[in-house]
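Spelled out from the first residue to the last, the chains are:
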Amino acid sequence: MVAMPHADVNRPTGTISGPVQVNLREAWWIRDVEIPTRLVLAPMAGVSVQAFRRQGRRFGAGLVCSEMVSCAGLGHRNERTLGYLRVAADEHPLAIQIFGSEPEVMGEAARMVEAAGADLVDVNFGCPVRKVTKTGAGATLLDDPDRACRIVAAMAEAVAIPVTVKMRRGLENGSRTCLDVAVRLVAAGAASLTLHPRSARQMYTGEADHSLTAELVELVDVPVVASGDITSRARAQSVLALTGAAGVMVGRGAQGNPWALREIVDGDGSQPSREEVAAELTLFIRETVRELGEQRAGGFLKKFYGWYLGRGRFPRPFKQELVQLETTDDVVTRLFAAAPGAVEIVERLQGELPDPDDEILLDQMPISIYGGG
């Protein structure tokens, strides 16, 4: 087992001794699962489909995560959900995240995650969305630590793969609940913790308080992932050095922008050409259609057009033009017309993908439409 790296940190003041030079290409471990880089791609609602995760792995994410899956949906085979869970050969290591409030049901859901071929099963104790918290799940469980620990214990007993936890600092601003709960969760069987040090009340406003992450690292003897406001390589290195965390989690900054992952991991800040942008979007479209089907993918993909084509890469009216097209084939045709060199890049990228038949697919495993915190 590889020991966790800890930076030279002045804990009382939160200042970093010496220049920040943290190797983002350094491997680390969650129990017996090796994570090849220190960058984790976050679980995000309506975003973290298989195409997104696979792209993240290509651009340097060491660990990718599914969006949050309802354990009730798994148990009932709910048809009103976003799609069906697939695990591809090039996603590993992969964490599948679940949420719920009943230990026995969560244990059974964890078994299904293991059967699907995931490397880790993650439980969400951080989601601040009302539709989740009103069921007693998500961030609400931080105020019910006994139940939270029973959930983790039931999951850890049910599966051989590591059980991990993603959480917020607490429900209210300034809360330190996560520190007390975290120690108990590790004792219950959590093999790793991810902390987004905002309160549930904050949602995504304000700043993530990573001094709290540093405290958490000192309290537990399992790897900690720092989540929140990781927007650049400099910020990632600073947070890793300040906190001593094993890895950093990137979320919204990677939406339609896998090049941000490359910049964080390798320091390659070069901007993609129009051809590269069109090629990556085309591959993303085709893989999403393969996963979700044309009808479902058509609406799902519209938000991605703005994410990919923004940042000055294409004129603003071009995104609106794509949104108005009837089929994804029409979108791809228009992209190729705008950037003809993308055709060759797409052919190369598709040739590097594994055979789709290598996927593990459990029919009717629904993914929740609600996002993680």
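Note that the structure is a prediction, hence the values are computed from the model and not measured.

## Overview of the packing of helix α5 (residues 145-158) against helix α6 (residues 177-188)
Packed helices, taken two at a time, are described by the angle their axes make and the gap between the axes.
Then, number 1: Axis separation between α5 and α6 bottoms out at 8 Å; the angle between their running directions is 25°. When the axis of α5 is compared with that of α6, the two are roughly parallel. When you trace α5 past α6, the crossing you get is right-handed. Two secondary-structure elements touch here, α5 through Pro-145, Asp-146, Ala-148, Cys-149, Val-152, Ala-153 and Ala-156 and α6 through Val-181, Arg-184, Leu-185 and Ala-188.

## Remarks on the environment of Thr-231
Then, number 1: Locating Thr-231 in the fold gives a position in the loop between β13 (224-227) and α8 (233-243).
Then, number 2: On the basis of relative accessible area, Thr-231 is assigned to the exposed category, the value being 60%.
Then, number 3: Along the backbone, Thr-231 and Gly-251 are 20 residues apart, and their C-alpha atoms lie at a distance of 8.8 Å.

## Notes on the pattern of salt bridges
Then, number 1: All told, the structure shown has 19 salt bridges when counted by the stated rule.
Then, number 2: Residue Arg-53 is joined to Glu-91 by a salt bridge in which the shortest nitrogen-to-oxygen separation is 2.5 Å. Taken together, the residues Arg-53 in helix α1 (residues 50-58) and Glu-91 in the loop between β8 (84-87) and β9 (94-99) connect sequence positions 38 residues apart. Across the pair, exposure class does not vary: Arg-53 and Glu-91 are buried alike.
Then, number 3: Of the charged contacts in the structure, one is a salt bridge between Arg-111 and Glu-108, with a shortest N-O distance of 2.9 Å. Taken together, the positions of Arg-111 and Glu-108, both in helix α3 (residues 103-116) and three residues apart, correspond to about one turn of that helix.
Then, number 4: By relative accessible area, which is 40% here, Glu-108 ends up partly exposed.
Then, number 5: The structure contains a network of salt bridges with shared partners spanning Arg-54, Asp-90, Glu-287 and Arg-290.

## Examining a negative patch on the surface
Then, number 1: Side chains of Glu-294, Glu-326, Asp-329 and Asp-330 sit close together on the surface and give a patch of like negative charge.
Then, number 2: With respect to the helices and strands, the residue Glu-326 is situated in the loop between α12 (316-324) and α13 (328-338).
Then, number 3: Note on Glu-326: relative accessible area 76%, which makes it exposed.

## A word on the pairing of strand β11 (residues 163-170)
Then, number 1: β11 sits mainly inside the fold: eight of its eight residues count as buried.
Then, number 2: The sheet contact formed by strand β10 (residues 120-125) and β11 spans five bridges and is parallel. Bridged to Phe-125 within β11 is Met-167.
Then, number 3: As paired elements, β11 and strand β12 (residues 190-199) share seven bridges and run parallel to each other. Residue pairing across strands places Val-165 opposite Leu-193, the latter belonging to β12.

Rules and cut-offs
Residues numbered from 1 in each chain as written. Predicted model: local features only at pLDDT ≥ 70, side-chain atom pairs only at ≥ 80, totals over all residues. Heavy atoms only, no water. Axes fitted to C-alpha atoms, helices over the stretch in contact; angles between N-to-C directions. Helix = DSSP H or I, 4+ residues; strand = E, 2+ residues; numbered from the N terminus. Parallel < 35°, antiparallel > 145°, perpendicular 65-115°, else oblique. Left-handed = near helix turned anticlockwise from the far one by under 90°. Contact = heavy atoms within 4.5 Å. Buried < 20%, exposed > 50% of the residue type's maximum accessible area, 1.4 Å probe, protein only. Salt bridge = Lys/Arg side-chain N within 4 Å of Asp/Glu carboxyl O. Patch = residues over 30% accessible without salt bridge, like charges linked within 9 Å, V, L, I, M, F, W, Y side chains within 5 Å. Areas by Shrake-Rupley, 256 points an atom, 1.4 Å probe, with all protein chains shown as cover. Lys, Arg positive; Asp, Glu negative; His and termini not counted. Charge placed at Lys NZ, Arg CZ, Asp CG, Glu CD. Pairing = 2+ DSSP bridges.

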